[in-house]
Every structure is written in structure tokens, then in C-alpha cells.
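Observations on chain architecture
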Amino acid sequence: LPLQPTLYTEVPARCLPIVYSPEYNITFLGLEKLHPFDAGKWGKVVHFLKEEQFLTDDNIVEAREASEEDLLVVHTRRYLNKLKWSLVVATITEIPPLLFLPNFLVQRKVLRPLRTQTGGTIMAGKLAIERGWAINVGGGFHHCSSDKGGGFCAYADITLSIKFLFERVEGVSKATIIDLDAHQGNGHERDFLEDRRVYIMDVYNRYIYPGDGYAKRAIKRKVELDWGTEDQEYLQKVELHCEGALNEVRPDIVVYNAGTDILDGDPLGGLAISPQGIIKRDEIVFRAARRRGIPILMVTSGGYQRKTARIIADSILNLQRQGLVGCGAADEAGPSLAPGTACGPVCAGVPTPAR
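Reading the values: rules and limits
Residues numbered from 1 in each chain as written. Predicted model: local features only at pLDDT ≥ 70, side-chain atom pairs only at ≥ 80, totals over all residues. Heavy atoms only, no water. Pairing = 2+ DSSP bridges. Helix = DSSP H or I, 4+ residues; strand = E, 2+ residues; numbered from the N terminus. 1 Å grid on protein atoms, 1.4 Å probe; cavity = no way out; pocket = protein on both sides within 12 Å on 5 of 7 lines; lining within 4 Å. Points joined across faces, edges and corners; volume = space filled by probe spheres on them. Nonpolar A, V, L, I, M, F, W, Y, C, P; charged D, E, K, R; others polar. Salt bridge = Lys/Arg side-chain N within 4 Å of Asp/Glu carboxyl O. Buried < 20%, exposed > 50% of the residue type's maximum accessible area, 1.4 Å probe, protein only. Right-handed = clockwise from strand over helix to strand, strands pointing away.

Pairing within the open sheet is parallel, and its eight strands lie in the order β3-β2-β4-β9-β8-β5-β6-β7. At either end of the open sheet lies a strand with only one pairing partner, and these are β3 (61-62) and β7 (221-225). Taken together, the two bridges between strand β2 (residues 18-20) and strand β4 (residues 133-136) define a ladder with parallel strand orientation. Within β4, the residue paired with Val19 across the bridge is Asn136.

Next up, the structure:
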């Protein structure tokens, strides 16, 4: 393991445990528009949260890029070397024209943003343990495993955040992944197939990518949905199984993959959940974890429509209104600021000495 884990920094108490960097966004000669993904959605989420005065430049935690050393905690060197081929990255991200670009550009314009989001998820894991909750505005690359990427996912940030916690944070030995993206989360499932410390609940459209039967063996709570599933049935199932999962095993951390590609009209998800349904879903998951005093880390994952950024922001604002996140929102899971405490200046963090 890296001796100096620069991703595990001390974050001042005034900062909210919300991790983001402008580096998240993929802007590149319009090439990003060739994928149905809104490659600037992360910046838009933060913009909306600043407009509502929930976030400022001073109270957000700045994500750092995961180094090769960090990535090797999970990834094979062989896999990381493969990413030095533009063809491989074009295939993983589903942006075919990347094939024709020199790899240094692909690294800088596509992989660096994804590595920074990956660093953000790792950082948010430690913050969740300290504060009771944390949100990485990006991340959630749930189709990537230690030796294989796909479906726009080049780095296994969920696996990395959990492995970092297991290996670096005392008292964290059990994790539950609640994966509510419209697609099956086959990346972390393959990574934790043989690991009894990790309990996986996955709710997804049974008919779409990736349909990974091998990875499904890792799912402890599998909820397979039909095309066009709507709010009432969906929310009922989410609540029933969230409660059931956390009653069955009490983890030290919940990693919540909050994909918004369940939204009605999403070109890839094939489900029919309303914006209000997504907001309610996130509230159900946070309430289930927070009520039990279990730290929760949320990542934003898939969501392929222009309007998803607004919905993610509205959902975070709803969590604040419900007292589930925000300045005074820590429970027995972690220390808190007194309600109303200002969450002001800069939150880049200072490296903690290696243990």
C-alpha cells in the first residue's frame, strides 16, 4: 500500500463532506457529445447547489486525482497499462473517435477526469466514516473491476473506496453496497465475489447491459426490474429491500450508487421513474442508513439526460431539508457541527501522516 495516502487528508470541520473538482468534467472538442452521457453534469450539479447557497467555493472538499499507486490497491498493472492504448479507452468509454487521438490527449482529457472522480470517491469514504455521510458529486463507475473496464467505467472507484477503508481505517470491516443505477453493477460484484465482508444489494433493469450472470452470484439481494417500471412499485421495492439489507447485516459503511438513469425517458435505462421518484428514493436510502447510525457514502453514477444534473441537485437539497445531510446532520455515526454553524473557508485538506 502507498505509504503516504495523500487521498486521506484531514478536512477542516467547516467543510461539508461533499467532494468535487472542476477537473471532473470532460470537455474536449465536442467529442464528449458523441456519448449520450452529459459529460459536464457534475459541474452543473455543483452550480445548482451554489445557486441555492448550499455550497460555496469555500465549503466544498476539493477532489484529488488517484495516483497509479492508489489505483494499484485494486487494479492490476496489466489493466492500467492497457489504458495506454486509445483503442482500449475508446471501447471502455464508448466514444469511438478517441481511437484516433494520441494517448497523451486521451489521458489528459478523458482518463484524468475519471481518475480525479475516483480519488473523490476514495476521499469521500473516509469523510463518511468521520462525519456520518459524504457525497462524491461524481464517481460510481460500477462496471469496472480490477482487470476490466466497460460501460463508461475505466476505474473501479467503489471497490477502491471500500478496500482503502478496510486497509486504512480502524473499525471498518464490513461494507454494504446499495446499487440503484438502472444497470447491474457487475464491476464491484466481480471484485467482491469471494469477499464475505461485502454485502451487495442491486436493483436494475434485467433486460439491459451488462447481463453479467457470473457477477450476479455476488449479489445478496437481487431485485430485477421489468421495462418501464414506475414510481410506486419501484419505491416500494427499494424501501423493503433497503430495510431488509440493513437489518440482515449491519455494515460499518453503506456505499450508495445513486444512478439517475432510472429516469423516465433515459435512452439506456429503460425504466420510468419520475424526478420526484428519484428524490424520494435517495431519501429512503439515506434515512435507512442514518436512522441506524451507519455512515453512508453516495456516488452519482449513470444518468444520461441533460435534466439529470438538476434532479441530483434537487435531491441533495431535499436531503438537507429532511435533516439527513448538512451542517448539523451527523448522528451517532460521526461528529457534527452545531446546527447553524457556518461551513466556511477553503477545504483542500492537509495530508495526514501515514499510520
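Glancing now at empty space enclosed by the protein. Rolled over the atoms, a probe as big as a water molecule pinpoints where empty space is left. Under the definition given, this model contains two cavities of 30 Å³ or more. Taken as a whole, the second largest cavity spans an internal volume of roughly 40 Å³. Contributing to the lining of the second largest cavity are Leu7, Tyr8, Thr9, Val11, Met123, Lys126 and Leu127. Looking at which element gives the most residues to the lining of the second largest cavity, the answer is helix α5 (residues 103-131), with three residues. Among the residues forming the lining of the second largest cavity, the class breakdown is five nonpolar, one polar and one charged.

Attention now moves to the pattern of salt bridges. All told, the structure shown has 20 salt bridges when counted by the stated rule. One salt bridge in this structure joins Arg206 and Glu224, with 3.4 Å as the shortest N-O distance. One end of the pair, Arg206, is in the loop between β6 (198-205) and α8 (213-216); the other, Glu224, is in strand β7, with 18 residues separating them in the sequence. Classification of Glu224 as partly exposed rests on a relative accessible area of 21%. Here Glu233 and Lys237 are joined by a salt bridge, their closest N and O atoms 2.7 Å apart.

Buried residues dominate strand β8 (residues 253-257), accounting for five of its five residues. What you see with β8 is no split at all: Ile253, Val255 and Asn257 on one side and Val254 and Tyr256 on the other are buried throughout. In terms of strand pairing, strand β5 (residues 175-179) meets β8 through five bridges, oriented parallel. Among the inter-strand pairings, Asp179 is bridged to a residue of β8, identified as Asn257. As paired strands, β8 and strand β9 (residues 296-299) are joined by four bridges and run parallel to one another. Of the residues in β9, the one forming a bridge with Val254 is Ile296. Assessed by its sense of winding, the connection that carries the chain from β8 through helix α10 (residues 275-291) to β9 is right-handed.

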